[in-house]
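Structural features, examined
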Amino acid sequence: MTADDHVRVDLTGAPQTMLATLYAKALDADLARPILNDRWAKQAVAGIDYDWTQTTITARRSPAVTTRSAHFDIWVRQFLAVHPKATVLHLGCGLDSRYFRVAPGPGVQWYDIDYPEVAELRGRLLPAGGEGYHVVSASVTDPAWLRDIPVGAPVLAIGEGLMMYLTEADGLDLLNRVVGHCGTGELQFDAFNSLGIRSQWSNSVVRRSGATLRWAVNGPDDILRNVPGTRLLAWVSPFDTVAFDLVRPAYRLLANAMSRVSVLRYVAQYHRYSF
């Protein structure tokens, strides 16, 4: 690939943060002991004309991204193992290659949903999916796209690195629309608590992109009382996941210290609900 073949990227705000997560996955793929081993991310980064130092991501910081993605990959595989005929709604997918990493079976209809400019980048940087793969060019908060999603099969709606960028009203409206339209399935997403939202100035990726974190979720009750029909399946701290066991000892020492204080243990949280 020549310099002229590289895709130029000019994004700001929340869409720009996807470049940081993409770069973290690409750096992880080059590690001696990768956590995610995302070769598609590495290929995408190689095709983008961008000053990656702007992301502030380094190989040592990459586990903050890759452990989260690895955890949600596990949850997605668990859902599909039980529901081989299913629909997956990957909300705010960015340039994530989860469809390729998970490799769902022929009974799965998979929808990657993001802004039109992001969807266009996916078409240029990532491989074409199989017969059941679809890219939806829309904001996840636009009610229109969901009307075209077929119902009948169990639905998994996953939002990794998404909910905290939405307002509370937009986030709850999105979850309620999915539950109301789809009938049965699961919601899987990560969130920050109030401390995480208040301390966003310390997050260099968010700060340098010009994005703003908005919606604080302080526990499952914030979802259960506002999204009727949901039932809690799991609510965990990143520090308590199998994926986190793969990080360097220094990370685990920090996690052990933070885990002793509940508000720090759940600054970031992984949520899983059935409906």
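This text gives an overview of the structure that appears in the document. (Residues numbered from 1 in each chain as written. Predicted model: local features only at pLDDT ≥ 70, side-chain atom pairs only at ≥ 80, totals over all residues. Heavy atoms only, no water.)

Moving on: the overall build of the chain. The helix and strand tally for the chain stands at 11 helices and nine strands. Its C-alpha radius of gyration of 18 Å places the chain within 12% of the 19 Å reference for a compact globule of 275 residues. For the chain, the spread of C-alpha atoms along the principal axes amounts to about 45 × 45 × 35 Å. Counting over 275 residues, the chain shows a buried share of 54%. Considering only residue pairs separated by 6 or more positions, the chain has 76% of its internal contacts joining residues 24 or more positions apart. (Helix = DSSP H or I, 4+ residues; strand = E, 2+ residues; numbered from the N terminus. Rg over C-alpha atoms; globule rule 2.2 N^0.38 Å. Buried < 20%, exposed > 50% of the residue type's maximum accessible area, 1.4 Å probe, protein only. Contact = heavy atoms within 4.5 Å.)

In this structure, Asn 37 is a non-glycine residue whose phi angle is positive, near 55 degrees. The phi dihedral of Ala 103 is positive, around 50 degrees, even though this residue is not glycine. Mapped onto the elements, Ala 103 comes out in the loop between α4 (98-102) and β4 (108-114).

Moving on, we get to the packing of aromatic side chains. Within this structure, the stated rule accounts for 12 aromatic pairs. Arranged with centres 5.0 Å apart and planes meeting at 20 degrees, the rings of Tyr 23 and Trp 52 form a pair that is stacked. Separated by 29 residues along the polypeptide, Tyr 23 in helix α1 (residues 14-29) and Trp 52 in the loop between β2 (48-49) and α3 (63-82) bring together distant segments of the chain. On the accessibility criterion, Trp 52 (12% relative accessible area) is buried. Between the aromatic rings of Trp 235 and Tyr 266, the centroid separation amounts to 4.2 Å while the plane-to-plane angle is 10 degrees, which identifies the pairing as stacked. You can see Trp 235 sitting in strand β8 (residues 231-236) and its partner Tyr 266 sitting in the loop between α11 (262-265) and β9 (268-274), a full 31 residues away along the chain. In this structure an aromatic cluster arises from ring pairing among Trp 40, Tyr 99, Phe 100, Trp 110 and Tyr 133. (Phe/Tyr/Trp six-rings, centres within 6.5 Å; stacked < 30°, edge-to-face > 60°.)

Before going further, it helps to examine the pairing of β4. A large share of β4 lies buried, amounting to six of its seven residues. The pairing of strand β3 (residues 86-91) with β4 spans six bridges and is classified as parallel. In the strand pairing of β4, Ala 86 is matched with Val 108. Of the pairings in the sheet, the one linking β4 to strand β5 (residues 133-137) comprises five bridges and is parallel in character. Of the residues in β5, the one forming a bridge with Ile 113 is Val 136. The parallel pair β4 and β5 is bridged by helix α5 (residues 116-125), and the resulting crossover is right-handed. (Pairing = 2+ DSSP bridges. Right-handed = clockwise from strand over helix to strand, strands pointing away.)

This next bit is on α3. For α3, which comprises 20 residues, the first-to-last C-alpha distance of 29 Å matches the rise-based estimate of 28 Å (1.5 Å per residue) to within 8%. Buried residues dominate α3, accounting for 14 of its 20 residues. (Expected span 1.5 Å × (residues − 1).)

On to the pattern of salt bridges. Two side chains bearing opposite charge may form a pair once their charged atoms approach each other closely. Under the counting rule described, the total for this entry stands at 15 salt bridges. A salt bridge links Arg 265 to Asp 240; the nearest nitrogen and oxygen atoms lie 2.9 Å apart. Residue Arg 265 is located in helix α11, and its partner Asp 240 is located in the loop between β8 and α10 (249-259); the two are separated by 25 residues in the primary sequence. Relative accessible area serves as the criterion here: at 41%, Asp 240 is assigned to the partly exposed category. Through salt bridges with shared partners, a single network forms among Lys 25, Asp 38, Arg 68, Asp 73, Asp 96, Arg 98, Arg 101, Glu 160 and Asp 190. (Salt bridge = Lys/Arg side-chain N within 4 Å of Asp/Glu carboxyl O.)

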